[in-house]
Amino acid sequence: MASAEDDDTMDQFMDKFKAQKYKGAFKEETWEEEFDKIPIFMKKAPTEIDPKENPDLACLQSIIFDEDRSPEEKAKSYKDEGNEYFKEKNYKKAIISYTEGLNKKSSNEDLNAILYTNRAAAQFHLGNLRSALNDAIAARKHNPKHLKAIVRGALCHLELKHFSEAIAWCEEGLVIDPKEKNLLEARGRADKLKRAEQRDARKGKLKDKKEQTQKEAVLKAIQDRKIKLCKKAANVAEDDDEDSAMSENLDELSLNELDAENVPAGKVHLDGNRSLVWPVLFLYPEHGQTDFVSAFHEDSRFIDHILVMFGDELPPWDSERKYHAHNLELYFEDEETRHMYQVNTESTLLQTLQHKRYFVKSGTPAFIIFVKQSSFCLNYLSDRKVHRIK
């Protein structure tokens, strides 16, 4: 039974407790933050551990990775740490932990295989497919039958579109476990995609062959009409190598040398009647403008197209309203001599292309249009010799 003296002692203790605060006690306004600094109660560990701010956590870390422990124990600790990061989908941190584990040079082959496989999985989720594949290959060097490494490698090959390799990895894994779901699915996808790839390759070859046949037919039609593709072809013809030169130039039939923003793509081709149809460019240097006719039949007259381009509605850039169809002159320039040749607008495209000084450049015949007797036209032609084609 407690005496009165004992009661007095307890009262004195309680009075003292109320009057004096416990050394190191939490502050009322920040107790939650301070409580969260205690390792066992932490909701989330800090990314970087500062011994000054978190001495308790730093102490625990030093215990976990104590230098006195064996390489295998250290590697396993880093593996476990990496797994935690992986669960949180913090794949970059997971990679760092797995790498640290591998750096411990454990002699445990199975553990090393797991570390490489886990790092491969983290790399895979980050989209680093080649790094993931390299890790899967490294894992199999430590344990050739590590199934997870085989699955990861097969998936990497599949994503990299190495379909044959993916199938081979799946087959090797299915020898170990014929019912492995991931391998069965991956093999099915890889086989389907491989067959589709092979089918597309066959179609591509047929398409290339067809295009080559068409190209050869166009080349022959150009040669038969004595049309010169460029000056280079004419010069080489003197050396009896015209066919090879023209073939080389036919490969370059495109609008690559023109302003792609202003000129749509077009290629010379044969129509159903075996007539040549050309892309033709018209230039208006006075206004820095162009017109592009993507399909100009070789037997069409220039005036027919000019009437369409400058019919009832004149172009918006013609502010002086002077570009009328029958008030225009058509020229082409010999770049070698800088001579200008005036083309009769009643003539056909073929007749002009067959002129001895006309050379088709980049597969696209080009012509210059001026307003008759305009000051710009007279000034432009003033220092050039002009030839009029009948």
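Everything below is about the structure printed above this text.
About the thresholds
Residues numbered from 1 in each chain as written. Predicted model: local features only at pLDDT ≥ 70, side-chain atom pairs only at ≥ 80, totals over all residues. Heavy atoms only, no water. Helix = DSSP H or I, 4+ residues; strand = E, 2+ residues; numbered from the N terminus. Buried < 20%, exposed > 50% of the residue type's maximum accessible area, 1.4 Å probe, protein only. Areas by Shrake-Rupley, 256 points an atom, 1.4 Å probe, with all protein chains shown as cover. Core = buried A, V, L, I, M, F, W, Y, C linked by side-chain atoms within 4.5 Å. Contact = heavy atoms within 4.5 Å. Expected span 1.5 Å × (residues − 1). Phe/Tyr/Trp six-rings, centres within 6.5 Å; stacked < 30°, edge-to-face > 60°.

Side note on the overall build of the protein
For the protein, the helix and strand inventory stands at 15 helices and 7 strands. Burial status across the protein gives 38% buried among its 390 residues. Counting every atom, the protein has about 24,900 Å² of accessible surface; 49% of that belongs to carbon and sulfur.

Considerations on the nonpolar core
Counting residues in each nonpolar core, the largest one holds 34 residues, and the members touching the most others are Leu276, Trp278, Phe282, Phe310 and Phe367. In terms of residue count, strand 2 (residues 276-284) provides more of this core than any other element does, 5 residues in total. Residues contacting Phe282, with those up to four places away along its chain left out, are Gln289, Thr290, Asp291, Val293, Phe296, Phe302, Met309, Leu330, Phe367 and Ile369.

Section: unusual backbone geometry
Backbone geometry at Lys89 places phi at a positive 65°, although glycine is not the residue there. Secondary-structure assignment places Lys89 in the loop between helix 4 (71-87) and helix 5 (91-103).

A closer look at helix 9 (residues 163-176)
Here helix 9 spans 20 Å end to end across 14 residues, near enough to the 20 Å set by a 1.5 Å rise per residue. Buried residues along helix 9 sit in contact with helix 7 (129-142), helix 8 (147-159) and helix 10 (181-224).

As for the packing of aromatic side chains
All chains considered together, the criterion is met by 17 aromatic pairs. Here the aromatic rings of Phe282 and Phe296 are separated by 6.5 Å at their centres, their planes lie at 40°, and the arrangement is tilted. With Phe282 in strand 2 and Phe296 in strand 3 (residues 289-297), this pair connects stretches of sequence that are 14 residues apart. Each member of the pair Phe282 and Phe296 is classed as buried.

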